[in-house]
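Notes for the structure review
Residue-level listing of the chains:
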Amino acid sequence: MKALDLACGGGRHSRLLLEHGLHVTAVDRDAEALLLIPEPARVLCADLENGPWPLGGEQFDLVLVTNYLWRPLLPRIVDSVAEGGWLVYETFAVGQELLGRPRNPDFLLQPGELLAACQGKLHVLAYEDGIVNGARIQRVAARHLRLHESPPDWPLLESPAPQESAP
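Residues numbered from 1 in each chain as written. Predicted model: local features only at pLDDT ≥ 70, side-chain atom pairs only at ≥ 80, totals over all residues. Heavy atoms only, no water.

1. Re the pattern of salt bridges
To keep things clear, this is the line we draw: Any carboxyl oxygen of Asp or Glu within 4 Å of a side-chain nitrogen of Lys or Arg constitutes a salt bridge here. Helix numbers and strand numbers start at the N terminus; a helix is a DSSP run of H or I with at least 4 residues, a strand a run of E with at least 2.
Applying the stated criterion across every chain, the model contains seven salt bridges. E90 serves as the salt-bridge partner of R139, at 2.8 Å between the closest nitrogen and oxygen. Residue R139 is located in strand β7 (residues 135-143), and its partner E90 is located in strand β5 (residues 81-92); the two are separated by 49 residues in the primary sequence. Via salt bridges that share partners, K2, R42 and E58 belong to a single interconnected network.

The following block contains the structure:
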């Protein structure tokens, strides 16, 4: 299985994915941090915000993004999920500015923004928008269904609405 760890920093998740036998592509702009990622990971140093998309039309069985938001990339990220693959995305949301960093609204998801990014392309299996470990976050787990596959007939997983978690 091919996995993409996008904006991976020092590769905490890349190492975990490697330990589980995945073929990992780790992407970040910090060349020094990328040195911490062990082989056989494929490591790409790229400025995701000011440079070209470094992965062309490549697709992955798992696309993992944590604590990173650059809105112009959301469609590319979703398109990087291979048929049958998964997107796992978690980052800060509006409300975080009251709790700590980041405070810049450019780096805080609006309510339902991750759901909207998946709409029409991925089947959302889990979504959360609330306070987790003292931070306001949104997270989504979504799957790119195969052409012959239909979504599970589970009422709790159909068209999830944004929900607030209690503090």
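2. Thoughts on the nonpolar core
Basically, it comes down to this: By nonpolar core we mean a set of buried residues, namely Ala, Val, Leu, Ile, Met, Phe, Trp, Tyr and Cys, connected to one another through side-chain atoms within 4.5 Å. Under the scheme applied here, a residue whose accessible area is under 20% of the maximum for its type counts as buried, over 50% as exposed, and between as partly exposed, the area being computed with a 1.4 Å probe on protein chains only.
Membership of the largest hydrophobic core comes to 30 residues, with the highest contact counts inside it found for L6, L48, V63, I77, L87, Y89 and V140. At the level of secondary structure, the elements contributing two or more residues to this core comprise β1 (2-6), β4 (60-66), α3 (74-79), β5, α4 (113-118), β6 (123-132) and β7. Core analysis: the second largest hydrophobic core is formed by twelve residues, C8, L18, A26 and L64 among them.

3. Here's the deal with the pairing of β1
Stated precisely, the cut-off is as follows: Think of it this way: DSSP has to see at least two bridges between two strands before they count as a pair.
With four of five residues buried, β1 lies mostly within the body of the structure. In this structure, β1 lies alongside strand β2 (residues 23-28), joined through five bridges in parallel fashion. The partner of A3 across the bridge, within β2, is V24. Relative to β4, β1 runs parallel, the two sharing four bridges.

4. Some remarks on the sheet that holds β1
For clarity, the threshold we go by: The angle between two axes is taken between their N-to-C directions and runs from 0 to 180 degrees, where each axis is a line fitted to C-alpha atoms and a helix contributes only its stretch in contact.
Strand order in this open sheet of seven strands is β3-β2-β1-β4-β5-β7-β6, and the pairing throughout is mixed. The open sheet has two edge strands, β3 (42-45) and β6, and neither has a second partner. On average, each strand axis in the sheet is tilted by 10° relative to the strand beside it, whichever way the strands run. With four bridges joining them, β2 and β3 adopt parallel strand pairing. Its bridge partner lying in β3, V27 is registered against L44.

5. Concerning the side chain of D5
Convention followed: In this count, Lys and Arg are taken as positive residues and Asp and Glu as negative ones, while His and the chain termini are left out. What qualifies as a polar contact is a pair of N or O atoms within 3.5 Å, subject to a donor-acceptor requirement within protein and to the restriction that residues adjacent in sequence count only when both atoms come from side chains. Contacts between residues were defined by any pair of non-hydrogen atoms, one from each residue, lying within 4.5 Å.
Residue placement: D5 occurs in strand β1. Summary of buried charges: D5 has no salt-bridge partner, and the nearest side chain of opposite charge, R12, is 8.0 Å away. Engagement of the side chain of D5 in a polar contact is seen with the side chain of S14, the distance being 2.8 Å. With near-sequence residues (within four places) excluded, D5 lies in contact with G11, H13, S14, T25, A26, V27 and L64.

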